[in-house]
Amino acid sequence: MTATFTPPKHEVKDLSLASQGRQRIEWAGREMPVLRQIRDRFAQEKPLAGIRLIACCHVTTETAHLAIALKAAGADALLIASNPLSTQDDVAASLVADHGIPVFAIKGEDAETYSRHVRIALDHKPNIIIDDGSDVVATLIQERQHQIADLIGTTEETTTGIVRLRAMFRDGVLTFPAINVNDADTKHFFDNRYGTGQSTLDGIIRATNVLLAGKTIVVAGYGWCGKGTALRARGMGANVIVTEIDPTKAIEAVMDGFRVLPMSEAAPVGDLFITVTGNKHVIRAEHFDVMKDGAMVCNSGHFDIEIDLKSLGAKATEVKQARNFTQEYRLQNGKSVIVLGEGRLINLAAAEGHPSAVMDMSFANQALACEHLVKNKGKLEPGLHSIPVEVDKEIARLKLQAMGVQIDSLTPDQIEYINSWTSGT
């Protein structure tokens, strides 16, 4: 007789960490008033009742509040990690022990475990997927076509994920609605810029304890994440160089007062390199060859492919752990290159990710995007959809209200003028 396989109810490092996680989750909630108001409404209205939902996110204190809000809304929610080094094990434990939310995430999990967790999540037969990088959606399309019929839609958190979704739509395989959370004004203007800027430098400092003032820092990419990183690095007294492939963004960087160079010219002069592009092999073999002895490289873009670590490893005669999240690669030419956070997201590997105040708006967008998908089930065409403008504005309004900031309103005369073409000037 064949034994029946019973899938695990959760997979976290240690449930005894739950009390520590509970305290940290409560602390983060102090600066997440928008999501708290949405959660309170969800608890009354239950807009996601009966919905099976999976979320592939960085398992942090801020994500915990999103998961709790989704459960309050009535969702049958399951959470997995979107990056092997971003999980906060105490948070994962608290979500399981204190809130009964199935979590499959362990800090430092290998690629095989990560892939297995993606498939465990899909075994949940989701109606909605919250994704971070579109790995879950890509796996669904490639391996679980039969489950697409159950899917109402997906929401995507990152620039990298949006790029992948656009490619899926172009290839005709995105046959369901996808909400572009990343491009909401209350997401990328704040999360990408201020969140990435602060948390990236926080991770670097925690990993190295180096003084950034006076260093030459090379920021690869001048999207919203790159802008925030470059701005914060300059604020710490660094000399900042930007590398770009987009001429418009390169001009913007120049106009913002940054020096713009190709990576081939920046490589010999940089002390610290930060990739924030979402693309692969932004820093490659030829760049390692000409770097200063002791140059540091790290990534705050997506996953661990932006730095060509395979090529660096092939050049190394020795690799040693210098500090936590800090590896020194001794090269054949006698110089060394320091890799931070194993090339994974430094702000999550060595620090705690974005501050809760900005994730408040990002995760408010995620929660309301899920509600929007359910309310419009069967009405949205396949492909990418923006967050409704009124939702974006409401999140901004709630945030200002929580901050005690008031703004002006248009007078009736101003409303008439701005909507008329006959009034003249």
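Before reading further, recall that the structure is shown in the block above.
Only a predicted model underlies this, so the values are computations on that prediction, with no experimental measurement involved. (Residues numbered from 1 in each chain as written. Predicted model: local features only at pLDDT ≥ 70, side-chain atom pairs only at ≥ 80, totals over all residues. Heavy atoms only, no water.)

Participant: Would you explain helix α16 (residues 389–403) in this entry?
Facilitator: Each α-helix winds once per 3.6 residues, and so residues spaced three or four apart point in a common direction. When the terminal C-alpha atoms of α16 are compared, their 21 Å separation across 15 residues agrees well with the 21 Å that a helix rising 1.5 Å per residue should span. Residues Val 391, Asp 392, Ile 395, Leu 398 and Lys 399 constitute the buried set of α16. For α16, the angular spread of the buried residues around the axis is 130°, confining them to a single face. With respect to the buried face of α16, the exposed residues turned more than 90 degrees away are Val 389, Glu 390 and Lys 393. Once α16 finishes, Gly 404 follows within two positions and takes phi at roughly 75°, a positive value. (Helix = DSSP H or I, 4+ residues; strand = E, 2+ residues; numbered from the N terminus. Expected span 1.5 Å × (residues − 1). Buried < 20%, exposed > 50% of the residue type's maximum accessible area, 1.4 Å probe, protein only. Arc of directions from axis to C-beta.)

Participant: Would you explain a nonpolar patch on the surface in this entry?
Facilitator: A cluster of nonpolar side chains, Leu 410, Ile 415, Tyr 417 and Ile 418, forms an exposed patch at the surface whose accessible area comes to about 410 Å². With respect to the element layout, Ile 415 can be found in helix α17 (residues 412–418). By relative accessible area, which is 41% here, Ile 415 ends up partly exposed. (Patch = residues over 30% accessible without salt bridge, like charges linked within 9 Å, V, L, I, M, F, W, Y side chains within 5 Å. Areas by Shrake-Rupley, 256 points an atom, 1.4 Å probe, with all protein chains shown as cover. Salt bridge = Lys/Arg side-chain N within 4 Å of Asp/Glu carboxyl O.)

Participant: Can you help me understand the packing of helix α6 (residues 135–143) against helix α7 (residues 159–170) in this one?
Facilitator: In a pair of packed helices, the angle between the axes and the distance between the axes together describe the arrangement. As a packed pair, α6 and α7 sit with axes 10 Å apart at the nearest point and diverge in direction by 25°. Between α6 and α7, the interaxial angle falls into the category roughly parallel. Facing Asp 135, Val 137, Ala 138 and Ile 141 of α6, the residues of α7 in contact are Arg 164, Leu 165 and Met 168. Residues of the contact of α6 with α7, tallied by class, amount to 5 nonpolar, no polar and 2 charged. (Axes fitted to C-alpha atoms, helices over the stretch in contact; angles between N-to-C directions. Parallel < 35°, antiparallel > 145°, perpendicular 65-115°, else oblique. Contact = heavy atoms within 4.5 Å. Nonpolar A, V, L, I, M, F, W, Y, C, P; charged D, E, K, R; others polar.)

Participant: Teacher, can you tell me more about the environment of Ser 423 here?
Facilitator: Residue placement: Ser 423 occurs in the segment after α17. Here Ser 423 falls in the partly exposed class, since its relative accessible area comes to 41%. The spacing of Ser 423 and Leu 35 is 388 residues in sequence and 42 Å in space, taken between C-alpha atoms.

Participant: Can you walk me through the pattern of salt bridges in this structure?
Facilitator: Pairing is possible between side chains of opposite charge, provided their charged atoms come close. Summed over the entire model, instances satisfying the criterion amount to 24 salt bridges. One salt bridge in this structure joins Glu 252 and Lys 227, with 3.1 Å as the shortest N-O distance. Residue Glu 252 is found in helix α10 (residues 247–255), and its partner Lys 227 is found in helix α9 (residues 224–235); the two are separated by 25 residues along the sequence. Under the relative-accessibility criterion, Glu 252 is labelled partly exposed at 31%. The structure contains a network of salt bridges with shared partners spanning Arg 24, Asp 90, Asp 202, Arg 206 and Glu 352.

Participant: For this particular structure, what's the right way to read the sheet that holds strand β4 (residues 128–131)?
Facilitator: Strand order in the open sheet formed by 7 strands is β3-β2-β1-β4-β5-β6-β15, and the pairing between neighbours is parallel. Taken across any chain shown, the strands that pair with only one partner, and hence form the sheet edges, are β3 (103–104) and β15 (383–386). Across 3 bridges, strand β1 (residues 52–57) lies against β4 in parallel orientation. Paired with Leu 53 across the bridge in β4 is Ile 128. Contacts between helix α5 (residues 111–122) and the sheet are confined to β1, β2 (76–81), β3 and β4, with β2 contributing the most and set at about 170° to the helix. (Pairing = 2+ DSSP bridges.)

Participant: Sorry, what's going on with the pairing of strand β11 (residues 295–299) here?
Facilitator: Where a strand is regular, its side chains alternate between the two sheet faces. Counting buried positions along β11 yields 5 of 5 residues, so the element is predominantly enclosed. Taking every second residue as pointing to the same face, both faces of β11 are buried, with Ala 295, Val 297 and Asn 299 on one and Met 296 and Cys 298 on the other. In terms of strand pairing, strand β10 (residues 272–275) meets β11 through 4 bridges, oriented parallel. Residue pairing in the sheet places Ile 274 in a bridge with Cys 298 of β11. Regarding topology, helix α12 (residues 285–290) serves as the crossover connection from β10 to the parallel β11, and that connection is right-handed. Looking at chain direction, β11 and strand β14 (residues 336–340) are connected through 3 bridges and run parallel. In the strand pairing of β14, Val 297 is matched with Val 339. (Right-handed = clockwise from strand over helix to strand, strands pointing away.)

Participant: What is the right way to look at the sheet that holds strand β8 (residues 239–243) in this model?
Facilitator: Strand pairing in a sheet relies on backbone hydrogen bonds, with the paired strands running either antiparallel or parallel. A sheet is described by the order of its strands in space; here 8 strands give the open sequence β9-β8-β7-β10-β11-β14-β13-β12, paired in mixed fashion. Looking at strand neighbours, the two that pair on one side only are β9 (259–260) and β12 (316–323), the edges of this open sheet. In the sheet, strand β13 (residues 326–331) pairs with β14 via 5 bridges, with the strands oriented antiparallel. Considered in β14, the bridge of Thr 326 is made with Leu 340. Packing of helix α8 (residues 185–208) onto the sheet brings it into contact with β10, β11, β12, β13 and β14, and relative to β10 it is tilted by some 140°.

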